[in-house]
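# Observations on the three-dimensional arrangement
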Amino acid sequence: MPQAIPQLPGVTHRDVTVGAVRLHIAEAGSGPPIVLQHGWPQHWWVWRRLIGELAVDHRVICPDLRGFGWSDAPPGRYDKESLATDLLGVLDELGLALPGSGEQVRLVGHDWGGFVGFLACLRAPERFQSFLALSIVHPWFGTGGGIPDPRSFLRLWYQFVVGSPWGPALLRSEPTMRRVFTRAGAGVFDDETLSLYVAALAQPASAQASQSLYRTFVTAETLPILRGRYNAARLTVPTRLLVGDHDPVIRAPTLRGFEAHADDMTLAWVPDSGHWLPEQRAGRVLEELAQLP
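## Regarding the overall build of the protein chain
The helix and strand inventory of the protein chain stands at eleven helices and eight strands. Computed over its C-alpha atoms, the radius of gyration of the protein chain comes to 18 Å, within 12% of the 19 Å expected for a compact globule of 293 residues. Summarising its shape, the C-alpha atoms of the protein chain cover approximately 50 × 45 × 40 Å along the three principal directions. Put simply, the protein chain has 293 residues, and 56% of those count as buried. Looking at the protein chain alone, contacts between residues at least 24 apart form 76% of all its contacts between residues at least 6 apart. Roughly 12200 Å² of accessible area belongs to the protein chain as shown, and the carbon and sulfur atoms make up 56% of that amount. In the protein chain, 26 positive and 29 negative side-chain charges are present, and the distance between their average locations comes to 7 Å.

Written as structure tokens, this is what we have:
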């Protein structure tokens, strides 16, 4: 278990059990529900700059993915469809947007939380009013046409490292990861935030979960997606994809091709921004949310 849960004014904490997995949730406010799902290498704290503003007139729900933050980190493959099942299970446990109720929630997802959000919206569109995806590819990233740029694989070097047999040992080395994230999050992560992320990843079970997350993606998910795993699926939830123009991994060619698979999805690039949009450009994220249903 990582260090004590950091505190924010108005935020409460509880656990729910989905299947056999205990998932931690941070909550604030009351009103129409909005779910904020983090990605790697973070946890619910990534939303700290949005929670207060959103909680003025929303019930804000921030789950920790299995393997992250203060949730359980059981062994397993950490395939993204299972993480989408967890997200839908959280809604079930909280009694939100239950099938047949006619109720819906708004959804925001960053990084892997964004990819998981896409899968949940594809599987249960009736449960989601709108979806804002941040700093992530969509499930049709292999359908844009053209020959893949070999340099795109070089930008994904960290996925192969984290998913390798040496990944957990690297993640458990707090001095090493502190240097890595200091560089990756320069000007974005303050010392408290950096310590929170590094300490959470250093837990042995969490380090193993991160390895499984990436190993599964690299070895079992990427090729089927490139071959059109989701080509028959259609996104009907109103969706906005927001990406920083200086994101070190995502490039415009990677994001082509969604138009044929989505009824109401738009893409926007955030100027002078990197990967960490909820922390670096919280104001812009709030603006985008205000424009979605």
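## Thoughts on helix H2 (residues 80–94)
The terminal C-alpha atoms of H2, which comprises 15 residues, lie 21 Å apart, in line with the 21 Å expected from a rise of 1.5 Å per residue. In terms of burial, H2 is a largely internal element, eleven of the 15 residues being buried. Of all the positions in H2, only Lys80, Glu81, Leu83, Ala84, Asp86, Leu87, Leu88, Gly89, Val90, Leu91 and Leu94 are classed as buried. Following H2 by one or two positions, Gly95 has its phi on the positive side, about 70°.

## Examining a nonpolar patch on the surface
Together, Trp157, Val161 and Leu170 give the surface a local cluster of nonpolar side chains, amounting to about 270 Å² of exposed area. Secondary-structure assignment places Trp157 in helix H5 (residues 157–162).

## Some thoughts on the pattern of salt bridges
Scanning the entire structure with this criterion turns up 14 salt bridges. For the salt bridge of Lys80 with Glu221, the shortest nitrogen-to-oxygen distance reads 2.6 Å. Pair noted here: Lys80 is in helix H2 and Glu221 is in helix H9 (residues 204–226), with a separation of 141 residues, a long-range link. The same class applies to Lys80 and to Glu221, which are both buried. One salt bridge in this structure joins Glu288 and Arg240, with 2.7 Å as the shortest N-O distance.

## Describing the nonpolar core
Core analysis: the biggest nonpolar cluster contains 94 residues, and Trp40, Trp44, Trp47, Ile51, Phe128 and Leu235 have the highest contact counts within it. Setting aside residues no more than four positions away along its own chain, Ile51 makes contact with Leu8, Val11, Ala28, Trp44, Val60 and Cys62.

## Quick word on empty space enclosed by the protein
In this structure the tally under the stated criterion is two cavities of 30 Å³ or more. Taken as a whole, the largest cavity holds about 50 Å³ of empty space. Taken together, Leu23, Gln37, Pro63, Asp64, Leu65, Arg66, Leu83, Asp86, Leu87 and Val90 form the lining of the largest cavity. Here the lining of the largest cavity gets four residues from one element, more than from any other, and that element is H2. In the lining of the largest cavity, the residues fall into six nonpolar, one polar and three charged. If you add up the space inside the second largest cavity, you get close to 40 Å³. What lines the second largest cavity is Pro41, Gln42, His43, Gly67, Phe68, Gly69, Tyr197, Ala200, Leu201 and Ser206. Among the elements that take part in the lining of the second largest cavity, helix H8 (residues 191–202) stands out by supplying three residues, more than any other. Residue composition of the lining of the second largest cavity, grouped by class: five nonpolar, five polar and no charged.

Conventions and cut-offs
- Residues numbered from 1 in each chain as written.
- Predicted model: local features only at pLDDT ≥ 70, side-chain atom pairs only at ≥ 80, totals over all residues.
- Heavy atoms only, no water.
- Helix = DSSP H or I, 4+ residues; strand = E, 2+ residues; numbered from the N terminus.
- Rg over C-alpha atoms; globule rule 2.2 N^0.38 Å.
- Buried < 20%, exposed > 50% of the residue type's maximum accessible area, 1.4 Å probe, protein only.
- Contact = heavy atoms within 4.5 Å.
- Areas by Shrake-Rupley, 256 points an atom, 1.4 Å probe, with all protein chains shown as cover.
- Lys, Arg positive; Asp, Glu negative; His and termini not counted.
- Charge placed at Lys NZ, Arg CZ, Asp CG, Glu CD.
- Expected span 1.5 Å × (residues − 1).
- Patch = residues over 30% accessible without salt bridge, like charges linked within 9 Å, V, L, I, M, F, W, Y side chains within 5 Å.
- Salt bridge = Lys/Arg side-chain N within 4 Å of Asp/Glu carboxyl O.
- Core = buried A, V, L, I, M, F, W, Y, C linked by side-chain atoms within 4.5 Å.
- 1 Å grid on protein atoms, 1.4 Å probe; cavity = no way out; pocket = protein on both sides within 12 Å on 5 of 7 lines; lining within 4 Å.
- Points joined across faces, edges and corners; volume = space filled by probe spheres on them.
- Nonpolar A, V, L, I, M, F, W, Y, C, P; charged D, E, K, R; others polar.

This is a description of form; function is not addressed.
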